[in-house]
Amino acid sequence: MARTNLPVGPNKGHPTTAIARTTKPSHRKGIRSPKSTLIHSVIREVAGYAPYERRVMELLRNSKDKKARKLSKKRLGTLLRSKRKIEELSNIIAESRRAH
């Protein structure tokens, strides 16, 4: 809202023009760039899955979600990382089903 040049009130102060702020590079933290996404996919394609990931995928296919979550939590350390990994592996299973 524009300032009113009054000393009190919600819009108090001298009227000025707002300067558009540029976004800081630090605000991009955590967002994957297209280049890093490509690199991750190539590495995944070449290296394959870790043994615990294969086991989790098998548990998910057999609809043992709770067991899969517990296993991935034990391997990864936190529930949030576990949920992310389960989501990622579920998407991979769904894509492989769509491909066939």
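Structure shown above.
This text gives an overview of the structure that appears in the document. (Residues numbered from 1 in each chain as written. Predicted model: local features only at pLDDT ≥ 70, side-chain atom pairs only at ≥ 80, totals over all residues. Heavy atoms only, no water.)

**Observations concerning the packing of helix H3 (residues 65–76) against helix H4 (residues 79–99)**
Part 1 of the argument: H4 packs onto H3 with a crossing angle of 125° between their chain directions and a minimal axis gap of 8 Å. With respect to each other, H3 and H4 are oriented oblique. By crossing handedness, the relation of H3 to H4 is classed as right-handed. Side by side, H3 and H4 meet where Ala68, Arg69, Ser72, Lys73 and Leu76 of the first sit next to Leu79, Arg81, Ser82, Lys85 and Ile86 of the second. (Axes fitted to C-alpha atoms, helices over the stretch in contact; angles between N-to-C directions. Helix = DSSP H or I, 4+ residues; strand = E, 2+ residues; numbered from the N terminus. Parallel < 35°, antiparallel > 145°, perpendicular 65-115°, else oblique. Left-handed = near helix turned anticlockwise from the far one by under 90°. Contact = heavy atoms within 4.5 Å.)

**Digging into the environment of valine 8**
Part 1 of the argument: Positionally, valine 8 belongs in the segment before helix H1 (34–47).
Part 2 of the argument: In this structure valine 8 comes out as exposed when scored by relative accessible area, which is 61%.
Part 3 of the argument: On a C-alpha basis, the gap between valine 8 and leucine 79 in space is 50 Å, while along the polypeptide they are 71 residues apart. (Buried < 20%, exposed > 50% of the residue type's maximum accessible area, 1.4 Å probe, protein only.)

**Quick look at the layout of surface pockets**
Part 1 of the argument: Of the volumes computed, that of the largest pocket is approximately 330 Å³.
Part 2 of the argument: Residue lining of the largest pocket: Arg32, Thr37, His40, Ser41, Arg44, Tyr49, Glu88, Asn91, Ile92 and Glu95, and that is the complete set.
Part 3 of the argument: At the level of elements, H1 and H4 are the ones that each hand at least two residues to the lining of the largest pocket.
Part 4 of the argument: For the lining of the largest pocket, the class distribution of residues is 2 nonpolar, 4 polar and 4 charged. (1 Å grid on protein atoms, 1.4 Å probe; cavity = no way out; pocket = protein on both sides within 12 Å on 5 of 7 lines; lining within 4 Å. Points joined across faces, edges and corners; volume = space filled by probe spheres on them. Nonpolar A, V, L, I, M, F, W, Y, C, P; charged D, E, K, R; others polar.)

**A word on the nonpolar core**
Part 1 of the argument: Of all hydrophobic cores here, the largest spans 10 residues; its members are Tyr52, Val56, Met57, Leu59, Leu60, Ala68, Leu71, Ile86, Leu89 and Ile93.
Part 2 of the argument: Those elements that place two or more of their residues in this core are helix H2 (51–61), H3 and H4.
Part 3 of the argument: The dominant element in this core, judged by the number of residues it contributes, is H2, at 5 residues.
Part 4 of the argument: Apart from the residues lying within four places of it in its own chain, the contact partners of leucine 89 are Tyr49, Glu53, Val56, Met57 and Leu60. (Core = buried A, V, L, I, M, F, W, Y, C linked by side-chain atoms within 4.5 Å.)

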